[in-house]
Amino acid sequence: MQFLKLMYMNLNGATETTVLFLFMMIDTVFANTWRRRRGVAITSGGGLGGLIKSIPLALMPVLIWIVEIPLSLAPDHIAGLAINFNPVIFDVIAFLVFLLIAWYWVKSILANAKLAGYNPPDWLEKFIEDEYHVKLGKIKTEPNSAKKDQKQVSQTYGSRNDIK
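An account of the accompanying structure is given in this report. (Residues numbered from 1 in each chain as written. Predicted model: local features only at pLDDT ≥ 70, side-chain atom pairs only at ≥ 80, totals over all residues. Heavy atoms only, no water.)

**Some details on the nonpolar core**
Counting residues in each nonpolar core, the largest one holds 13 residues, and the members touching the most others are L20, I64, F98, I101 and W105. Mapped onto this core, the elements with two or more residues apiece are α2 (13–38), α3 (48–73) and α4 (88–115). For this core, the leading source of residues is α4, giving 8 residues. In terms of nonpolar packing, the next biggest core, distinct from the first, is built from 8 residues, W34, A111, A116 and Y132 among them. (Core = buried A, V, L, I, M, F, W, Y, C linked by side-chain atoms within 4.5 Å. Buried < 20%, exposed > 50% of the residue type's maximum accessible area, 1.4 Å probe, protein only. Helix = DSSP H or I, 4+ residues; strand = E, 2+ residues; numbered from the N terminus.)

So, in structure tokens, the structure goes:
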């Protein structure tokens with residue numbers, strides 16, 4: 001609980017987004033590593049498509065924070081109406097959004113790391129089991145890389161080096 005209080009007091013939308021971009025990059029490196037090892041195209045729906053979906057997720061805390069800034073600078077009264085604005089609610093919303101997205105990415109990072117060949121501790125296996133199986137199932141529908149296609153063609157039909 002003390003850790004969450006410390007994080008809430010020291011994070012804002014910009015720093016939360018920076019941390020999420022760091023998580024996104026780590027996740028992308030592990031995902032591309034296991035895709036490359038399995039011969040799946042990195043530009044596949046899971047590779048490049050996952051990155052395109054991840055960028056808006058990482059930007060969510062800073063977007064919430066950007067909405068808070070002009071509202072906190074607004075005067076207390078506009079057109080004769082008294083406005084009681086409490087910007088703390090935006091900080092709380094941005095922090096909760098950050099925690100949810102960070103939770104998602106930690107699971108994804110650990111699942112991709114396991115698929116890439118790094119073994120997480122045993123006590124984390126149950127935590128990432130569902131994400132691991134979802135990612136493993138996706139790989140069957142993604143296109144092969146040219147390198148893997150060449151290996152399959154070479155194994156099936158032979159290669160030019162086989163001709164003497």
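**Structural notes on the side chain of S108**
Tracing the backbone shows S108 in helix α4. Classification of S108 as buried rests on a relative accessible area of 0%. Of the polar contacts made by the side chain of S108, one reaches the side chain of D27; its length is 2.9 Å. Those residues in contact with S108, other than ones at most four positions away along the chain, are D27, E131 and K135. (Polar contact = N/O pair within 3.5 Å; in protein donor to acceptor, adjacent residues only side chain to side chain. Contact = heavy atoms within 4.5 Å.)

**Remarks on the side chain of E16**
When you line up the elements, E16 lands in helix α2. Ignoring any residue separated from it by four or fewer positions in sequence, one finds E16 in contact with L11, P61, A94, F95 and F98.

**Some words on the pattern of salt bridges**
Throughout the structure, instances matching the rule amount to 3 salt bridges. Note that K107 and D130 form a salt bridge whose closest N and O atoms lie 3.2 Å from each other. Of this pair, K107 sits in helix α4 while D130 sits in helix α5 (residues 122–138), and the two are 23 residues apart along the sequence. Overall, the relative accessible area of 45% leaves D130 in the partly exposed class. The partner of K114 in a salt bridge is E125, with the nearest N and O atoms 2.6 Å apart. Of the two residues, K114 is situated in helix α4 and E125 in helix α5; the sequence distance between them amounts to 11 residues. K114 gets classed as partly exposed once you look at its relative accessible area, which sits at 22%. (Salt bridge = Lys/Arg side-chain N within 4 Å of Asp/Glu carboxyl O.)

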